[in-house]
Amino acid sequence: MNILNLPVVILFKRILNAISYKNKLRTAALFVAMVLQSFFELLFILSLSYMAAALTNPQQLSNELVFKALYLFSPRLQEWAQEPRYLLLICGAFVILVSIVKNGTSYLVAQN
């Protein structure tokens with residue numbers, strides 16, 4: 001079965017041919033913005049799990065890829081992360097940062 005011959009795909013092609021080039025670009029931009037919004041939503045959920053891991057098992061959290069990259073970016077953070085209170089503070093700041101970016105992308109998607 002060829003997927004390009006499905007009625008949904010044929011209807012989608014007809015709709016795309018009917019709209020102007022400017023609207024096609026706006027639709028593509030909206031699609032990209034929605035993909036970014038989905039990515040930041042997943043990152044937000046992941047950051048919440050890091051917050052829980054900072055409370056329960058801080059040593060295991062320091063071995064995660066995200067935190068290794070963060071420590072490469074700023075070696076001073078690695079020193080601070082040795083203390084569990086500061087690691088929790090770093091995770092909390094990460095959650096807040098991701099939440100701000102996620103809400104910003106949601107706002108941009110809603111404006112389109």
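Criteria and cut-off values
Residues numbered from 1 in each chain as written. Predicted model: local features only at pLDDT ≥ 70, side-chain atom pairs only at ≥ 80, totals over all residues. Heavy atoms only, no water. Helix = DSSP H or I, 4+ residues; strand = E, 2+ residues; numbered from the N terminus. Rg over C-alpha atoms; globule rule 2.2 N^0.38 Å. Buried < 20%, exposed > 50% of the residue type's maximum accessible area, 1.4 Å probe, protein only. Areas by Shrake-Rupley, 256 points an atom, 1.4 Å probe, with all protein chains shown as cover. Lys, Arg positive; Asp, Glu negative; His and termini not counted. Charge placed at Lys NZ, Arg CZ, Asp CG, Glu CD. Contact = heavy atoms within 4.5 Å. Core = buried A, V, L, I, M, F, W, Y, C linked by side-chain atoms within 4.5 Å. Phe/Tyr/Trp six-rings, centres within 6.5 Å; stacked < 30°, edge-to-face > 60°. Lys NZ or Arg CZ within 6 Å of the ring centre and 35° of its normal.

1. Side note on the overall build of the protein chain
Then comes step 1: Looking only at helices and strands, the protein chain features six helices and zero strands.
Then comes step 2: The secondary structure elements of the protein chain, listed N-terminal to C-terminal, are α-α-α-α-α-α.
Then comes step 3: Computed over its C-alpha atoms, the radius of gyration of the protein chain comes to 21 Å, more than 25% above the 13 Å expected for a compact globule of 112 residues.
Then comes step 4: With the principal axes as the frame, the protein chain shows a C-alpha extent of 60 × 35 × 20 Å.
Then comes step 5: Buried residues in the protein chain amount to 22% of all 112 residues.
Then comes step 6: Carbon and sulfur atoms provide 69% of the accessible area of the protein chain, an area that totals close to 8,500 Å².
Then comes step 7: Here the protein chain carries 9 positive and 4 negative side-chain charges, and the mean point of each set is 25 Å from the other.

2. Focus: the side chain of K102
Then comes step 1: Mapped onto the elements, K102 comes out in helix α6 (residues 84–111).
Then comes step 2: Residues contacting K102, with those up to four places away along its chain left out, are F40, E41 and F44.

3. Some details on the nonpolar core
Then comes step 1: Ranked by size, the top nonpolar core spans eleven residues in total: Y50, A53, A54, L61, F67, Y71, L77, A81, L87, I90 and C91.
Then comes step 2: Contributing elements (two or more residues each) for this core: α2 (21–56), α4 (65–73), α5 (75–81) and α6.
Then comes step 3: L77 has contacts with L70, Y71 and I90, leaving out every residue within four places of it along the chain.

4. Here we look at the packing of aromatic side chains
Then comes step 1: Overall, the coordinates contain three aromatic pairs when judged by the stated rule.
Then comes step 2: Between Y50 and F67, the aromatic rings sit 5.3 Å apart at their centres with planes inclined by 80°, giving edge-to-face as the arrangement. Of this pair, Y50 sits in helix α2 while F67 sits in helix α4; the two residues are 17 residues apart in sequence, bridging distant segments of the chain.
Then comes step 3: Since its relative accessible area comes to 8%, Y50 is described here as buried.
Then comes step 4: For F67, a relative accessible area of 1% translates into the label buried.
Then comes step 5: Taken together, a centroid distance of 6.2 Å and an interplanar angle of 55° make the contact between F67 and Y71 tilted. You can see F67 and its partner Y71 sitting in helix α4, four residues apart, about one turn around the helix. The burial state of F67 is the same as that of Y71; both residues are buried.
Then comes step 6: Through a chain of ring-to-ring contacts, three or more aromatic side chains come together here, namely Y50, F67 and Y71.
Then comes step 7: The ring of Y86 has R85 sitting right over it, with the charged end atom 5.7 Å from the ring centre.

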